[in-house]
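Geometric and topological summary
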Amino acid sequence: GFILLFLIIVTYVFAILFTVQLGSPPDQNAPEPEEGADPTAKELFSDLGSSMMTLFTNGVLGDNLYQTLVTIKVESIPLMWAFILFFFISSMTLLNMLIGVLCAVIEETAKQEFE
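Residues numbered from 1 in each chain as written. Predicted model: local features only at pLDDT ≥ 70, side-chain atom pairs only at ≥ 80, totals over all residues. Heavy atoms only, no water.

Before going further, it helps to examine the overall build of the chain. Along its length, the chain carries five helices and zero strands. In the chain, the succession of α and β elements from N to C terminus is α-α-α-α-α. The C-alpha radius of gyration computed for the chain amounts to 18 Å, which surpasses the reference 13 Å derived for 115 residues by more than 25%, pointing to a less compact arrangement than a globule. Along the longest, intermediate and shortest principal axes, the C-alpha atoms of the chain span 70 × 25 × 25 Å. Expressed as a percentage of the 115 residues in the chain, the buried residues total 25%. (Helix = DSSP H or I, 4+ residues; strand = E, 2+ residues; numbered from the N terminus. Rg over C-alpha atoms; globule rule 2.2 N^0.38 Å. Buried < 20%, exposed > 50% of the residue type's maximum accessible area, 1.4 Å probe, protein only.)

Another aspect to go through is the nonpolar core. Counting residues in each nonpolar core, the largest one holds 17 residues, and the members touching the most others are F14, F18, L22, F45, L55, I72 and F86. Elements with a contribution of two residues or more to this core: α1 (2-22), α2 (41-44), α3 (48-60) and α5 (77-114). Of the residues forming this core, the biggest block, six residues, is contributed by α1. With residues near it in sequence (within four places) discarded, F86 still touches V10, T11, F14, L55, G59 and V60. (Core = buried A, V, L, I, M, F, W, Y, C linked by side-chain atoms within 4.5 Å. Contact = heavy atoms within 4.5 Å.)

The backbone of N64 shows a phi angle near 55°, a positive value even though the residue is not glycine. Here N64 shows up in the loop between α3 and α4 (65-75).

Moving on: α4. For α4, every residue scored as buried is listed here: Q67, T68, T71 and I72. End-on, the buried residues of α4 take up no more than an arc of 130°, which puts them together on one face. Considering only its buried residues, α4 is in contact with α1, α2, α3 and α5. (Arc of directions from axis to C-beta.)

Now for the side chain of T93. Here T93 shows up in helix α5. When sequence neighbours within four positions are dropped, the list of residues in contact with T93 reads I3, F6 and L7.

Viewed as axis vectors pointing N to C, α1 and α3 meet at an angle of 120°, and their least axial separation amounts to 8 Å. Classified by the interaxial angle, the pair formed by α1 and α3 is oblique. α1 and α3 meet at a crossing whose hand is right-handed. Residues L7, T11, Y12, F14, A15, I16, F18 and T19 of α1 form the contact with α3, whose participating residues are L48, S51, M52, L55 and V60. (Axes fitted to C-alpha atoms, helices over the stretch in contact; angles between N-to-C directions. Parallel < 35°, antiparallel > 145°, perpendicular 65-115°, else oblique. Left-handed = near helix turned anticlockwise from the far one by under 90°.)

The next thing to look at is the pattern of salt bridges. Taken as a whole, this structure holds two salt bridges when the rule is applied. In this structure, the salt-bridge partner of E75 is K42, at a minimum N-O distance of 3.9 Å. Here the residue E75 occupies a position in helix α4, and K42 occupies one in helix α2, the gap between them amounting to 33 residues. Accessibility expressed as a relative area gives 35% for E75, which makes it partly exposed. One salt bridge connects E107 with K111, and the closest N-O pair in it is separated by 3.9 Å. (Salt bridge = Lys/Arg side-chain N within 4 Å of Asp/Glu carboxyl O.)

So, in structure tokens, the structure goes:
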């Protein structure tokens, strides 16, 4: 339970960081992006909700990781390293949660076999 809470808090903190650095209010006069064009870092992290969703899907789950790293690198190299740090922390957190579940299952199975 605490591991999941930790992951949510870390995602929230990094979402604030990325939103403050890259987010901007939507420009009403900006042209619409082309159909099928890759989103820019400013679009990925435009508000807190978008930042948390981007961090979850691309950082925690690792979906389309290369494109996200390149997109962030275009805007800021230190933010790219912050994203890599987030990816490392979230990966280790998920691994810790998986190991905890496996240990609990093995312990329960061992108790049942002993009885």
